[in-house]
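Per-entry structural report
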Amino acid sequence: MATATSVRARVRAELVDEIKSAARRQLASEGASGLSLRAVAREVGLVSSAVYRYFPSRDDLLTALIIDAYNAVGLAAEAADASCRQSDIEKRWMATCRAIRKWSAANLQEYGLVYGTPVPEYRAPEDTIGPATRVTAVLIGIIRDGLELGLIADHSGEEPIPRVIRAELAPVREFFGGTVSDDLLIRSLVAWTHLFGAISFELFGHRVGTVASSDVFFDHEMRRIGHFVGF
């Protein structure tokens, strides 16, 4: 038999989920900057003071939604990567890119919240860092495994790297947890930027009137970007 404490915890969790669901619907209609705790409270049938017990401010609610979004897209990327054989680097890359795109298309508002225009006057707390790096960790893991297995070509020396950029790459290198050439670090950053840039352009209508076969084109460009990295 459930204890009174566990029942309260379950009720609280269900109410938190209901509040966040209402907030997501408001994101779709009003945008992140228009998110209102009072409006959310009205939708779930609570007085404002009751919602404030769960989310003391709009920013607290936004943070919860951002963490959920990062965790969801991170989970999608992790599952796609895990479905492939570790040594099949290009297949892992393609599966992960497709999974991120699929999640993004199915969750446009959440995608826009974390990868779109920053919310005015909102500053993400450190709580968002871990969830935000889940996708990055998957992509880095693919590249790191490719290096260890000798499946990534070294393009170092093909293009001179400005000295100031070399000095600024140290924090990026830490994510790889090992010795990585400056050239591969830059190629990885370009690939990461292109992946989300391509998704954003497609989802927000910036490719209307260009390539109609969007699935085929996305696969083609991601495969080319993978080759650019060195797969």
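Before reading on, note that the structure itself is shown above.
Numbering of residues begins from 1 in every chain and follows the order in which that chain's sequence is written. Local features are withheld for residues below a pLDDT of 70 in this predicted model, meaning they are given only at 70 or higher, and side-chain atom pairs are given and counted only at 80 or more; totals for whole chains, interfaces and linings count all residues. Only hydrogens and water are set aside when side-chain values are computed; all heavy atoms of the structure are taken into account.

1. Here we look at the pattern of salt bridges
Inclusion rule: Every case where a carboxyl oxygen of Asp or Glu lies within 4 Å of a side-chain nitrogen of Lys or Arg is listed as a salt bridge. For helices the rule is a DSSP run of H or I covering at least 4 residues; for strands it is a run of E covering at least 2, with both sets numbered from the N terminus onward. Only protein chains enter the calculation, and the probe is 1.4 Å; a residue is then buried if its accessible area is under 20% of its type maximum, exposed if over 50%, and partly exposed in between.
One pass over the full model with this rule turns up 17 salt bridges. Notably, a salt bridge pairs Arg 24 with Glu 110, separated by 3.6 Å at the nearest N-O pair. Taken as a pair, Arg 24 in helix H1 (residues 4–30) and Glu 110 in helix H6 (residues 108–115) lie far apart in primary sequence, 86 residues in all. Judged by its relative accessible area of 23%, Arg 24 is partly exposed. For Arg 58, the salt bridge identified is with Asp 59, shortest N-O distance 2.8 Å. Three or more residues are tied together by salt bridges with common partners; here these are Lys 20, Arg 24, Asp 68 and Glu 110.

2. Here we look at the environment of Arg 58
Under the convention used in this document: Contact criterion: two residues are considered in contact whenever any of their non-hydrogen atoms come within 4.5 Å of each other.
Tracing the sequence through the fold places Arg 58 in helix H4 (residues 58–82). As a C-alpha pair, Arg 58 and Leu 185 span 127 residues in sequence and 37 Å in three-dimensional space. If sequence neighbours within four positions are ignored, Arg 58 has contacts with Ala 32, Ser 33, Leu 35, Leu 37, Val 119, Pro 120 and Tyr 122.

3. Quick look at the packing of aromatic side chains
The condition that has to hold: What counts as a ring pair is set by centres within 6.5 Å for rings of Phe, Tyr and Trp (its six-membered ring), and what kind of pair is set by the plane angle: stacked under 30 degrees, edge-to-face over 60, tilted for all other angles. A positively charged side chain is recorded as over a ring if its NZ (Lys) or CZ (Arg) lies within 6 Å of the ring centre. The angle to the ring normal must also be within 35 degrees.
Enumeration according to the criterion identifies six aromatic pairs in this entry. Ring geometry for Tyr 70 against Tyr 115: centres 5.9 Å apart, planes inclined by 85°, an arrangement best described as edge-to-face. Residue Tyr 70 is found in helix H4, and its partner Tyr 115 is found in helix H6; the two are separated by 45 residues along the sequence. Overall, the relative accessible area of 14% leaves Tyr 70 in the buried class. Seen in terms of ring centroids, Tyr 111 and Tyr 115 are 5.2 Å apart; in terms of plane orientation they differ by 40°. Their pairing is tilted. Note that Tyr 111 and Tyr 115 are positioned in helix H6 at a spacing of four residues, about one turn of the helix. An aromatic cluster is built from Tyr 70, Tyr 111, Tyr 115, Trp 192, Phe 196 and Phe 204, whose rings are joined through pairwise contacts. The ring of Phe 218 carries the charged tip of Arg 101 above its face, separated from the ring centre by 4.9 Å. Between Arg 187 and the ring centre of Phe 228, over which it is positioned, the NZ or CZ distance is 4.6 Å.

4. A few points about the nonpolar core
Soluble globular proteins tend to pack their nonpolar side chains together in the buried interior. Note the threshold: Throughout this description, the term nonpolar core refers to a set of buried Ala, Val, Leu, Ile, Met, Phe, Trp, Tyr and Cys residues connected via side-chain atoms within 4.5 Å.
Counting 57 residues, the largest nonpolar core has Trp 93 and Leu 195 as the members making the most contacts within it. Residue contributions to this core peak at nine residues, all from H4. The residues touching Trp 93, leaving out its near neighbours within four places in the chain, are Leu 139, Ile 142, Ala 191, Met 222, Ile 225, Gly 226 and Phe 231.

5. Some points on the packing of H4 against H6
Stated precisely, the cut-off is as follows: Axis definition: a line fitted to C-alpha atoms, over the contacting stretch in the case of helices. Angles run 0 to 180 degrees between N-to-C directions. We call two directions roughly parallel when the angle between them is under 35 degrees, roughly antiparallel when it is over 145, roughly perpendicular when it lies between 65 and 115, and oblique otherwise. Three classes are used: nonpolar for Ala, Val, Leu, Ile, Met, Phe, Trp, Tyr, Cys and Pro, charged for Asp, Glu, Lys and Arg, and polar for all others, with Gly counted as polar.
The geometry of H4 relative to H6 is characterised by a closest axis approach of 9 Å and an angle of 105° between their N-to-C directions. In terms of their interaxial angle, H4 and H6 are classed as roughly perpendicular. Residues Leu 62, Leu 65, Ile 66, Ala 69, Tyr 70 and Val 73 of H4 touch H6, and the partners they reach there are Glu 110, Leu 113, Val 114 and Tyr 115. Of the residues that constitute the contact of H4 with H6, the class distribution is nine nonpolar, no polar and one charged.

6. Re the state of the cysteines
Linking two cysteines covalently through their sulfur atoms gives a disulfide. We count it as follows: Two cysteine sulfur atoms make up a disulfide if the distance between them is within 2.5 Å.
If you walk through the whole model with that rule in mind, you get zero disulfides. For Cys 84, which is in no disulfide, the shortest distance to another cysteine sulfur is to Cys 97 and amounts to 11 Å. You can call Cys 84 buried: its relative accessible area is 12%. Since its relative accessible area comes to 0%, Cys 97 is described here as buried.

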